[in-house]
Amino acid sequence: MAAFAVFVAANALQIWAMAVNIYFSTALRLQTERGHQLVRSGPYRYVRHPGYLAMLLIAPSTAFAIGSELALLPATMYGTLILFRAAREDEFLLSNLPDYTDYIEGVPFRLIPGVW
């Protein structure tokens, strides 16, 4: 039940991040045609990549919820890719999005408030 609760909470976080960020996308790119700007509201006040945090929680919670220790292996690999992607996106945004440096100073945590 605890794993299912984490799964539900992580999905709620994902939906919240998508709802407040009109630029939320699966592609790593600036949406210059839409006037791409920083989003500082919602979960973006606490972490710079709340969608990735949600994905990090969804994969292992799914494995635990279905009772499969074996499913933790791909969940761990997926988590590693998410960490790599979040770091890469930070670098990209730092180089390409105005005011991202100021945003990093105001929201120092990439994925986990108080940790990283």
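All values reported here derive from a predicted model rather than from experimental measurement.

Points about the overall build of the chain
Along the chain, the regular secondary structure elements total four helices and zero strands. Sequence-ordered secondary structure for the chain, helices as α and strands as β, is α-α-α-α. A compact globule built from 116 residues should have a C-alpha radius of gyration of about 13 Å, and the chain, at 15 Å, falls within 12% of that. Structurally, the chain occupies a C-alpha span of about 45 × 30 × 25 Å along its principal axes. Each of the 116 residues in the chain was classed as buried or not, and the buried ones make up 36%. Carbon and sulfur atoms make up 65% of the accessible area of the chain, which totals about 7000 Å². Taken as two groups, the 8 positive and 8 negative side-chain charges of the chain have centres that lie 5 Å from each other.

Topic: the confidence of the model for the chain
On average, residues of the chain carry a pLDDT of 93, and 100% of them reach 70 or more. The weakest mean pLDDT in the chain belongs to helix 4 (residues 100–106) at 93; the strongest belongs to helix 1 (residues 2–20) at 97.

So, helix 1
Across its 19 residues, helix 1 extends 27 Å between first and last C-alpha, which sits within 8% of the 27 Å expected from 1.5 Å per residue. Each element contacted by the buried residues of helix 1 is listed here: helix 2 (50–65).

Topic: helix 3 (residues 72–96)
Helix length check: helix 3, at 25 residues, gives a terminal C-alpha distance of 35 Å against a target of 36 Å (1.5 Å per residue), a fit within 8%. Here helix 3 has its buried residues at Ala75, Gly79, Ile82, Ala86, Glu89, Asp90 and Leu93. Among the structural elements, helix 2 and helix 4 are those in contact with the buried residues of helix 3.

Considerations on the side chain of aspartate 90
Following the sequence through the fold, aspartate 90 ends up in helix 3. Engagement of the side chain of aspartate 90 in a polar contact is seen with the side chain of arginine 48, the distance being 2.5 Å. Beyond its immediate sequence surroundings of up to four residues, aspartate 90 is in contact with Arg48, His49, Tyr100 and Arg110.

As for the packing of helix 2 against helix 3
Following both chains from N to C, one finds helix 2 and helix 3 inclined at 180°, their axes separated by 9 Å at the closest point. In terms of orientation, helix 2 and helix 3 fall into the roughly antiparallel class. Contacts between helix 2 and helix 3 involve Tyr52, Met55, Leu56, Ala59, Pro60, Ala63 and Phe64 on the former and, on the latter, Leu72, Ala75, Tyr78, Gly79, Ile82, Leu83, Arg85, Ala86 and Glu89. The residue makeup of the contact of helix 2 with helix 3, split by class, is 13 nonpolar, one polar and two charged.

Things to note about unusual backbone geometry
The residue aspartate 99 is not glycine, and still its phi comes out positive at about 75°. For aspartate 99, the location among the structural elements is in the loop between helix 3 and helix 4. Under the relative-accessibility criterion, aspartate 99 is labelled partly exposed at 48%.

The rules we used
- Residues numbered from 1 in each chain as written.
- Predicted model: local features only at pLDDT ≥ 70, side-chain atom pairs only at ≥ 80, totals over all residues.
- Heavy atoms only, no water.
- Helix = DSSP H or I, 4+ residues; strand = E, 2+ residues; numbered from the N terminus.
- Rg over C-alpha atoms; globule rule 2.2 N^0.38 Å.
- Buried < 20%, exposed > 50% of the residue type's maximum accessible area, 1.4 Å probe, protein only.
- Areas by Shrake-Rupley, 256 points an atom, 1.4 Å probe, with all protein chains shown as cover.
- Lys, Arg positive; Asp, Glu negative; His and termini not counted.
- Charge placed at Lys NZ, Arg CZ, Asp CG, Glu CD.
- pLDDT = per-residue confidence, 0-100.
- Expected span 1.5 Å × (residues − 1).
- Contact = heavy atoms within 4.5 Å.
- Polar contact = N/O pair within 3.5 Å; in protein donor to acceptor, adjacent residues only side chain to side chain.
- Axes fitted to C-alpha atoms, helices over the stretch in contact; angles between N-to-C directions.
- Parallel < 35°, antiparallel > 145°, perpendicular 65-115°, else oblique.
- Nonpolar A, V, L, I, M, F, W, Y, C, P; charged D, E, K, R; others polar.

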